[in-house]
Amino acid sequence: MQERVVPLSHGEPRREGEFVLYWAHHALRAHDNPALDAAAEIALQLNLPLLVYQGLGGRHRYNSDRHHRFILEAARDFTAELEAVGLRLHFHLPKDPVGPGPLRRLLERSAAVVTELYPVPPFRQWYARHAARNPNLPWLQVDASCILPMTRSEKAPTRAFQFRRSYQDELFQRVAQGWPLRDEWPGAFTGDPGFEPFDPASPLEDVIAACRIDHSIPAVGDTPGGSQAGYRRWKRYLENGLDRYHALRNDAALPGGVSRLSAYLHYGCVSPFRVAADAAARGGEGAEKFLDELLVWRELSHHFCFHSEQLESLEAIPGWARESLQEHSAEPRAETFDWETLARGVTGQPLWDLAQRSLLRRGELHNNLRMTWGKAFLPWVQRPSRALKLMIDLNHRYALDGNDPNSYGGLLWCLGQFDRAFPPGPVFGKVRQRSIKRHAERLDMNRYARVVGGFPGHEPQRVIVVGSGLAGLSAARTLVDQGHDVVVVDKGRAPGGRMSSRLAGDTRFDHGAQYFTARDPRFLRHVVSWRERGLVEAWPGRLAVVNTDGVAEEKGETERYVAVPSMDAICAEIAGSLPDCRQSWRVERIQHEGGWTVQSARGDTLSADALVVTVPPPQAADLFENVPLPARLNAVEMRPCWAVMAELDRPLLLNYDASFVNDGPLWWLSGQASRPGRPGGEAWILHAGPDWSEEHLDDDPGAVCEQLIEAARALPIAGPFEVKSMAAHRWRYARAREALNDGAIWDAARRLAFAGDWCHGSAVEGAFLSGAAAAGRVMASAGSESQRGQD
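Residues numbered from 1 in each chain as written. Predicted model: local features only at pLDDT ≥ 70, side-chain atom pairs only at ≥ 80, totals over all residues. Heavy atoms only, no water.

Enquirer: Explain the layout of surface pockets to me, using residue names and the numbers behind them.
Expert: Over the atoms, a rolling probe the size of a water molecule traces out where space has been left empty. As a volume, the second largest pocket reaches approximately 1200 Å³. Considering the residues around the second largest pocket, the lining is formed by 47 residues, among which Glu293, Asn367, Asn368, Arg370 and Asn406 are closest to the centre. In terms of residues, the lining of the second largest pocket owes the most to one element, helix H11 (residues 285-306), which gives 7 residues. Looking at the lining of the second largest pocket, its residues break down into 19 nonpolar, 15 polar and 13 charged. (1 Å grid on protein atoms, 1.4 Å probe; cavity = no way out; pocket = protein on both sides within 12 Å on 5 of 7 lines; lining within 4 Å. Points joined across faces, edges and corners; volume = space filled by probe spheres on them. Helix = DSSP H or I, 4+ residues; strand = E, 2+ residues; numbered from the N terminus. Nonpolar A, V, L, I, M, F, W, Y, C, P; charged D, E, K, R; others polar.)

Enquirer: Could you give an account of helix H18 (residues 405-413), naming the residues involved and the relevant values?
Expert: Residues lying three or four places apart along an α-helix face the same way, a consequence of the helix completing one turn every 3.6 residues. Among the 9 residues of H18, 7 are classified as buried, and the element is accordingly described as predominantly covered. Taken together, the buried positions of H18 are occupied by Pro405, Ser407, Tyr408, Gly409, Leu411, Leu412 and Trp413. Against the buried residues of H18 lie H11, helix H15 (367-375) and helix H17 (384-398). Two or three places before Asn406, at the start of H18, stands the capping residue Asp404, its side-chain oxygen 2.7 Å from that residue's backbone nitrogen. (Buried < 20%, exposed > 50% of the residue type's maximum accessible area, 1.4 Å probe, protein only. Contact = heavy atoms within 4.5 Å. Polar contact = N/O pair within 3.5 Å; in protein donor to acceptor, adjacent residues only side chain to side chain.)

Enquirer: A description of the packing of H15 against H17 should follow, citing residues and the corresponding values.
Expert: Between H15 and H17, whose axes approach to 10 Å, the crossing angle comes to 140°. Judged on the interaxial angle alone, H17 and H15 are oblique. Taken together, the residues of H17 that come into contact with H15 (itself represented by Arg370, Trp373 and Gly374) are Met391, Leu394 and Asn395. Partitioning the contact of H15 with H17 into residue classes produces 3 nonpolar, 2 polar and 1 charged. (Axes fitted to C-alpha atoms, helices over the stretch in contact; angles between N-to-C directions. Parallel < 35°, antiparallel > 145°, perpendicular 65-115°, else oblique.)

Enquirer: How would you summarise the sheet that holds strand S16 (residues 587-593) if you had to cite specific residues and measurements?
Expert: In spatial order, the strands read S16-S17-S18; together these 3 strands make up an open sheet with antiparallel pairing. Each of the sheet's edge strands pairs with one partner strand only, and the pair in question is S16 and strand S18 (605-608). Across the sheet, the axes of successive neighbouring strands diverge by a mean angle of 20°, strand direction being ignored. Pairing geometry for strand S17 (residues 595-600) and S18, over 4 bridges, is antiparallel. Its bridge partner being in S18, Thr597 is matched across the sheet by Ser607. (Pairing = 2+ DSSP bridges.)

Enquirer: Go over the side chain of Asp353, please, and point to the residues and values.
Expert: Looking at the element boundaries, Asp353 is found in helix H14 (residues 350-362). The side chain of Asp353 sits in the buried core without any salt bridge; Arg357 is the nearest counter-charge, 4.2 Å away. Apart from the residues lying within four places of it in its own chain, the contact partners of Asp353 are Gly345, Val346, Thr347 and Gly348. (Lys, Arg positive; Asp, Glu negative; His and termini not counted. Salt bridge = Lys/Arg side-chain N within 4 Å of Asp/Glu carboxyl O.)

Enquirer: Tell me about a positive patch on the surface, and please be specific about residues and values.
Expert: Side chains of Arg59, Arg104, Arg129 and Arg133 sit close together on the surface and give a patch of like positive charge. The topology assignment puts Arg104 in helix H3 (residues 103-109). (Patch = residues over 30% accessible without salt bridge, like charges linked within 9 Å, V, L, I, M, F, W, Y side chains within 5 Å. Areas by Shrake-Rupley, 256 points an atom, 1.4 Å probe, with all protein chains shown as cover. Charge placed at Lys NZ, Arg CZ, Asp CG, Glu CD.)

Enquirer: Describe helix H21 (residues 470-481), and please don't skip the residues or the numbers.
Expert: The first and last C-alpha atoms of H21 sit 16 Å apart over 12 residues, in line with the 16 Å expected at 1.5 Å per residue. With 12 of its 12 residues buried, H21 lies for the most part within the structure. Positive backbone phi, at 90°, marks Gly483, one or two positions downstream of H21. (Expected span 1.5 Å × (residues − 1).)

Enquirer: Give a description of the pairing of strand S12 (residues 543-547) that names residues and reports values.
Expert: Across the 5 residues of S12, 4 count as buried, placing the element largely inside the fold. Here S12 runs beside strand S13 (residues 550-553); their pairing, made up of 4 bridges, is antiparallel. Among the inter-strand pairings, Val545 is bridged to a residue of S13, identified as Ala552.

Enquirer: Kindly report on the packing of aromatic side chains, identifying the contributing residues and their values.
Expert: Two measures describe an aromatic ring pair: the distance that separates the ring centres and the angle between the ring planes. The full count for this structure, using the stated rule, is 35 aromatic pairs. Seen in terms of ring centroids, Trp539 and Trp668 are 6.3 Å apart; in terms of plane orientation they differ by 75°. Their pairing is edge-to-face. Separated by 129 residues along the polypeptide, Trp539 in the loop between strand S11 (536-538) and S12 and Trp668 in strand S22 (residues 666-671) bring together distant segments of the chain. Trp668 shares its class with Trp539; the two are buried. When the ring centre of Tyr656 is taken as origin, the NZ or CZ atom of Arg542, which lies over that ring, is 4.7 Å away. Note that Arg675 overlies the ring of Trp539, its terminal NZ or CZ placed 5.1 Å from the centroid. (Phe/Tyr/Trp six-rings, centres within 6.5 Å; stacked < 30°, edge-to-face > 60°. Lys NZ or Arg CZ within 6 Å of the ring centre and 35° of its normal.)

Enquirer: Give a detailed account of the state of the cysteines, specifying residues and quantitative values.
Expert: Applying the stated criterion across every chain, the model contains 0 disulfides. The structure places no disulfide on Cys414, whose sulfur is separated from the nearest cysteine sulfur, that of Cys305, by 14 Å. (Disulfide = S-S within 2.5 Å.)

Structure, rendered in C-alpha cells:
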C-alpha cells in the first residue's frame, strides 16, 4: 500500500475530525481498490467512521448526458458493493454547474482524506486548490489505476520498449500476486453530511435533463456504466474474442476484435488486476498481445502523465518533435476546418468522417484508427498547438474513455511522443506521417460504415420538428448527426423564425433578432466555428441608452454578434445541411394515437415516433387535437413586438449605431449599415416596447410606422432625417414575459418535446440550447433502462 501513496499535504489527523473522507471519482468499485482500502485502513486506525463521497458537478468542461449517464450507472453498482461491506456512497449531483458543492465543507470536517492519484487535468488543479485551503489536513493520493504503481518510475518514460524492458518481469509478478482482499471494514458515517445525497438508483432521464450540461451528446445505448456491465463485456470477450486479439486487434471494422473495456477501466468500474489475471490464466498469442497493451502501453501512459506537468501543450512532446513541427507550421495547408465541421464529421474525408462519427455516436474510437484520426489534424490546422487542442477536445468530449492518461498518451503519440524522428516531410517535419487514404485501402470501408452507422442499444427514431427557427434547427441537426430520421416543417417561406430578415428592394432588414451574445460554453464553441467560416462576425457598434433622465453611452464588455450577410444566415446554413426541411408547410392539425400524425393545411400527412414543437406556446396549443398539454406550457405568456423597417435619407441617430430606449413607445433602434456584411445606406430598424405593442396590437401597420417614427424623431440623440420608405411587421409572440429555465418541456408518455427561446431565457443562445435539450430528451427516450442493462 505504502508505495502507491503520494501525499498531497501533510499533517497530523485532526482530532476534531468527524470521519475519514474518501473522495472517489476514477475507482468506482469496492473490490481491488487500493484507494478505498487505504481510506478504510486509516479509519480503522483512527477509530473513525468512513465517509465515501462522489460528486458529479457541472464544472467539468466535458460534462454531457453521455458521461453523466455512464457515471451515474456506475455509481449504482458502486453503491451496492459498498453496502455489502457496510459502507454508504454519498453522491452529490447538482443542477447548477456554478453552485457551491459540499466537498469544501466535508474537507473541513475530515480527520484525513484519501483520493485517487489521477494525473490528468482537471484533477491535479482541483486537488491543489482544495489542499491549499486545508494545508494541515493529511491528504493522500493513492494509485488505484495501475498494476505497477506510478511512483515506481523515477521519470517520465518515453519509449515503450524501454518501459517493457525495465518493468515487464515485475508487472507479471504483480499480476500473479493480485490485489489482496480486505476482511475488515470500518463503520460507515451515519451523521448529517451537510447535503441531501442523490440516490443513483433513481430513474435517471429527468435527473440528467435537469442538469446544466451538454444535452446534445446522448448516452451510448450498448455501453451502460458500472462494474456489472464491464465484467459482462469482459467475460464475453475473454471466452470468445481474446484468443484472436493478436490477429484482429488492428481492424476497426471488426469491433469484436478488441475488448472495448476502455471506458470501464477509465472510470475504474473493472479492476486491471482482475482483467490481467484472467488474461494471463487464459494464455496464448492473443492473451500475450493483450497483456502487452494492458501492462506496457496503458501503464506507460499513466506513468508518463504522472511525471509530466504539461499535458495540453507542445511542451509535452519531445524537443525534436516540437521544434520540427514549429518549423513547418508556416507551410500552407490545402484545406482547413473549424471545430464544428470536425466535430460533426463532415470534412469530406470518408474514413476520417466515419472515425469521428464513431466518437460522436458510439462514444468510442478504435485504438488503431485513433492514430490515423489524430495525425490528420496537422494538415488541417495551421498551428500544431491548435491541432493538439482540437484532438483533446473532440476525444475527451465524445469518448467515454476520454480525459484518461491513455487518451493523452495516444494523442501525444500523434505529435511524436513515445516515437522516434523520421526523415523530414511537409507539415509533419520529423514526426511520423500516417495516411488516411492508405488506411482506408486496407480497411473494409463498407463494413466499417455499417458499424459506425448502427444504433447501439436502440433503433433510429422518426422525428418531426415543427418550426425552422434556431431552436427547431438545433434540435433537428443534433438528431440527424446521431443518425435519426428527421423532417422539419415550417409555415414560413425560409428558415429563421424570429431570426428572419426581409428584403425590400436592394435593402435587407434584420427585423427580428438584432444580435446575440454567447456566454454559455455549450453555445460559444459553435459561435467560434461560425466566425471561422465567416458566418458570424462581432458587431462593435456604438450603443446608447436613453432614459427619462438623459442619454448615456452603453458601456461594458459584452461582445455582440450578428450573422452575415443577414441574421437568418445561421438558420439557412443549418437547414441546408438537413436531409428534409420543408418550408411553406403550414401545420393544420397534430394528433396522437400510438404515434404522432401531423397534417398540413394542404392535406399532406407525416407520421413519427417523436415530436418536437418549437413554435411559441400559444401557437402550439392551437395545433393539437385532443392532446392534453403540459401545464407549464400553458403558463408561458408571450408578448408582442411591432417592428418598423425604415429607409432614411440620413442617419437616424447622431454619433450612435443603435440605442436602447427605456421610456416611451420605443425599446430599440439600430442602423443596418453598422452591422458587418451589410451594404451602406440608411436602413433602420425600430422596435416598440412590449407594453406599447400590446396596446396597439391590432393597429394599422401604416399608423404604427408613423407613431414609431415620430417617437424616434423626439429622441434627444436623433438627427434630422426624412423617410424614403417604411413598413411594419408585427411579431405577435416576440418574447416571454417570464422565460422558463427548463431547457425543454418533455412529455415522456407521448414522446413530445417543446422548445424555444421562451423555454431557456428568451435569447438566441437560449433557443439554440433549448433545441439541443429537446433533442437530448428524444435521444434519451430511444432506449429503455432494460435495454441499457443488456450490454
